[in-house]
Amino acid sequence: MEGIATLKVGEPVEQYLLIKQATKGVTTMGKPFMTLILQDKSGSIEAKLWDTGEEQQQLYPAGNIVHIGGEIQDYRGKMQLRIKQIRPIRVDEPISVSDLIQSSETPKEQLYEEIQQFLFDIKNPAISRITRTIIKKHEEAFMTFPAATKNHHEYASGLIDHVTSMMRLGKSIADLYPELNRDLLYAGILLHDIGKVIELSGPVATVYTTKGNLLGHISIMVTEIELAAQELQLDCEEVMLLQHMVLSHHGKEEWGSPKKPMIQEAEILHYIDNIDAKMNTLKRALSKTEPGEFTERLFALDNRAFYKPTID
């Protein structure tokens, strides 16, 4: 797919882009500027607007479409768009937000159907009922929200794309290690990130909500599990185990995990989540890299650049 994320250093830019994020800043000299994350269907890129005042901040908020002229440059190992001209779109221009939103390669309806098949494989009644209740409650948002604001699966339907990919990996691991409780692992994968439909604002110009900033998706989902259990009148160990799966899926305290994994299924959930997030980041970075060259530096992977081999 051609677009802003596929251009090389030195190439010109003359196109419509959606402002995904707009952040105000101040230089060391005290002059205001804006950092814009701009996107089309191919992906996103960072750009700077210098010497910005109140007028520019009102013209270029997140969610607005702009027409930009400029060129691609390399800034400390990362692609950046150097803006030469920028203007808001006019009402008569035939471009809409849907033309510029990046979404999962697989249609969300197809992903949701695959999720339903995995749900049928959960045999434990309590785990099945809690998981189905929560997924049904947040069905529409689960199918359309991104999984993050940046780094991985940060596109429309990225959340369900991430979870479906994790489920496939979870099935393979559960087949290889039958001592794992498949019901618990599957439910943990399905539920671990659904709190993001409350933590994040939606698929367009995604930001953290007030609840997202104050509570975070992990705490939100622990409460959701408790509410579902109360609604279903369930008071059993499964409730606590599902909550632990969610609480510990980031693996370490320094990675935002309130608890470290203390059951084997929680340990495996953490690895599966990490693998899928990193593979998504690598897949997208390598897809716009020529064989024999390096990707840009990837923040989510210790700011490393990855080499794309020339071999098949």
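Residues numbered from 1 in each chain as written. Predicted model: local features only at pLDDT ≥ 70, side-chain atom pairs only at ≥ 80, totals over all residues. Heavy atoms only, no water.

Under an unreviewed UniProt entry, the name given to the protein is 3'-5' exoribonuclease YhaM, and the source organism is Kurthia sibirica.

Novice: How do you make sense of the domain arrangement of the protein when you look at a structure like this?
Specialist: How big an interface is tends to be expressed through the accessible area that disappears when the partners come together. By domain assignment, the protein separates into domain 1 (11–99) and domain 2 (108–284). Between the C-alpha centres of domain 1 and domain 2 the distance comes to 33 Å. Contact residues are listed per partner, giving seven residues for domain 1 and five residues for domain 2. Both sides together, the interface formed by domain 1 and domain 2 hides about 470 Å², and carbon and sulfur atoms give 54% of it. When the buried surface of domain 1 facing domain 2 is broken down by residue, Lys20, Gln21 and Val97 rank first, second and third, together holding 68% of it. In this assembly, domain 1 and domain 2 are joined by zero salt bridges. (Domains from an automatic or database assignment. Contact = heavy atoms within 4.5 Å. Buried area = accessible area lost by both parts, 1.4 Å probe. Salt bridge = Lys/Arg side-chain N within 4 Å of Asp/Glu carboxyl O.)

Novice: What should I look at first to understand the nonpolar core in this one?
Specialist: Across soluble globular proteins, nonpolar side chains show a tendency to be buried alongside one another. Formed by 50 residues in total, the largest nonpolar core has its most connected members in Ile115, Ile130, Phe142 and Ile225. Elements with a minimum of two residues in this core: helix H2 (108–120), helix H3 (125–137), helix H4 (139–144), helix H5 (158–176), helix H6 (182–191), helix H9 (216–231), helix H10 (237–247) and helix H11 (264–287). Core analysis: the next-biggest nonpolar cluster, separate from the first, contains 17 residues, Leu38, Tyr60, Ile72 and Ile83 among them. (Core = buried A, V, L, I, M, F, W, Y, C linked by side-chain atoms within 4.5 Å. Buried < 20%, exposed > 50% of the residue type's maximum accessible area, 1.4 Å probe, protein only. Helix = DSSP H or I, 4+ residues; strand = E, 2+ residues; numbered from the N terminus.)

Novice: How should the packing of H3 against H9 be read in this particular structure?
Specialist: The description of two packed helices rests on the angle between their axes and on the distance between the axes. Following both chains from N to C, one finds H3 and H9 inclined at 115 degrees, their axes separated by 9 Å at the closest point. Classed by the angle they form, the pair H3 and H9 counts as roughly perpendicular. Judged by the twist between their axes, the crossing of H3 over H9 is right-handed. Judged by residue contacts, Ile130, Thr133, Ile134 and Lys137 of H3 engage Met221, Glu224, Ile225, Ala228, Ala229 and Glu231 from H9. In the contact of H3 with H9, the residues fall into six nonpolar, one polar and three charged. (Axes fitted to C-alpha atoms, helices over the stretch in contact; angles between N-to-C directions. Parallel < 35°, antiparallel > 145°, perpendicular 65-115°, else oblique. Left-handed = near helix turned anticlockwise from the far one by under 90°. Nonpolar A, V, L, I, M, F, W, Y, C, P; charged D, E, K, R; others polar.)

Novice: I keep staring at the packing of aromatic side chains and nothing clicks. Help me out?
Specialist: Given two aromatic rings, one states the distance between the centres and the angle between the planes to describe the pair. Overall, the coordinates contain three aromatic pairs when judged by the stated rule. Positioned above the aromatic ring of Phe120 is the side chain of Arg132, whose terminal nitrogen or guanidinium carbon lies 5.2 Å from the ring centre. Sitting above the plane of the Phe299 ring, Lys150 keeps its charged end 6.0 Å from the centroid. (Phe/Tyr/Trp six-rings, centres within 6.5 Å; stacked < 30°, edge-to-face > 60°. Lys NZ or Arg CZ within 6 Å of the ring centre and 35° of its normal.)

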